[in-house]
Amino acid sequence: YVHPANEPLLIAGVATQTLEVIEDLPEVEAIFVPLGGGSGVSGACIVAKALDPRIRVVAVQSEAAPAGYLSWKRGELVEAAMETFAEGVATGAGYELPQSILRRHLDDFVLVSDDEIRYAIGLLIEKAHTLAEAAGAAALAGALKHGEALRGKKVSVVVSGANITLEQLQEALKVYKNS
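Residues numbered from 1 in each chain as written. Predicted model: local features only at pLDDT ≥ 70, side-chain atom pairs only at ≥ 80, totals over all residues. Heavy atoms only, no water.

### Comments concerning the sheet that holds strand S2 (residues 56–62)
Operational definition: Should DSSP find at least two bridges between two strands, the strands are taken to pair. Helical segments are the DSSP runs of H or I of at least four residues, strand segments are the runs of E of at least two, and each set is numbered from the N terminus. Axis angles are defined between N-to-C directions and span 0 to 180 degrees, where every axis is a line fitted to C-alpha atoms and, for a helix, only to the segment in contact. Should any heavy atoms of two residues lie within 4.5 Å, those residues are counted as being in contact.
With parallel pairing, four strands are arranged side by side in an open sheet as S3-S2-S1-S4. In this open sheet, the two strands that pair with only one neighbour each are strand S3 (108–112) and strand S4 (155–157). Strand-to-strand twist in this sheet, taken as the mean axis angle between neighbours without regard to direction, amounts to 20 degrees. Bridging between strand S1 (residues 30–34) and S2 involves five bridges; their strand directions are parallel. Residue pairing for S2: Ala 30 is matched across the bridge by Arg 56. Along the sheet, helix H2 (residues 39–51) contacts S1 and S2; its crossing angle with S2, the most-contacted strand, is approximately 175 degrees. Against the sheet, helix H3 (residues 67–74) contacts S2 and S3, and its axis sits at roughly 145 degrees relative to S3.

Laid out in structure tokens, this is it:
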């Protein structure tokens, strides 16, 4: 649990990630970020919009734990069931400070299925030689869902965390192999 008084510090800390993306890829057009509590996405919004308002920031969350998405969509804090295996994006409720930032600055929000996340885990292993936990692969699942709309664009996908169990990895590789 993060005390609400510490939320601005948490947001500022993870916002540096987006600053680094823009410094390394100044022509970035879209940034996909997994949404758990919302500090990472709200930090991305603050930095991207301050440096170049044309950069699209897209939040991604599991459809099996959609509290952040529903809170953003409805414009009020919402509670929802958490039935996803993707622990880092499994939130049961929206949080006020991040949601207030998202309402003003977020360009889009994508819900993905757990199997889409599993597929993204397998794709990251095969193509990028990167092991990611489910929450870490969620942003890639969201970008894949946008598909052709991203062709030819400079896109950044936040892949964070490698806290994955052997069982989760095996299941992800099965989904990837059978797709």
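### Quick word on unusual backbone geometry
Filter applied, for reference: Residue burial is assigned from relative accessible area. The probe radius is 1.4 Å, only protein chains are included, and a residue is buried under 20% of its type maximum, exposed over 50%, and partly exposed in between.
Here the phi dihedral of His 129 falls at roughly 55 degrees; this positive angle occurs in a residue that is not glycine. Here His 129 is to be found in the loop between helix H5 (114–128) and helix H6 (134–146). The exposure class assigned to His 129 is exposed, which follows from its relative accessible area of 71%.

### Regarding the environment of Ile 11
Along the chain, Ile 11 turns up in helix H1 (residues 7–24). On the basis of relative accessibility, which here comes to 5%, the residue Ile 11 falls in the buried class. Taking the C-alpha atoms as reference, Ile 11 lies 15 Å from Gly 94; in sequence the two are 83 residues apart. Excluding residues that lie within four positions of it along the chain, Ile 11 makes contacts with Ser 39, Ser 42, Gly 43, Ile 46, Leu 97 and Ile 101.

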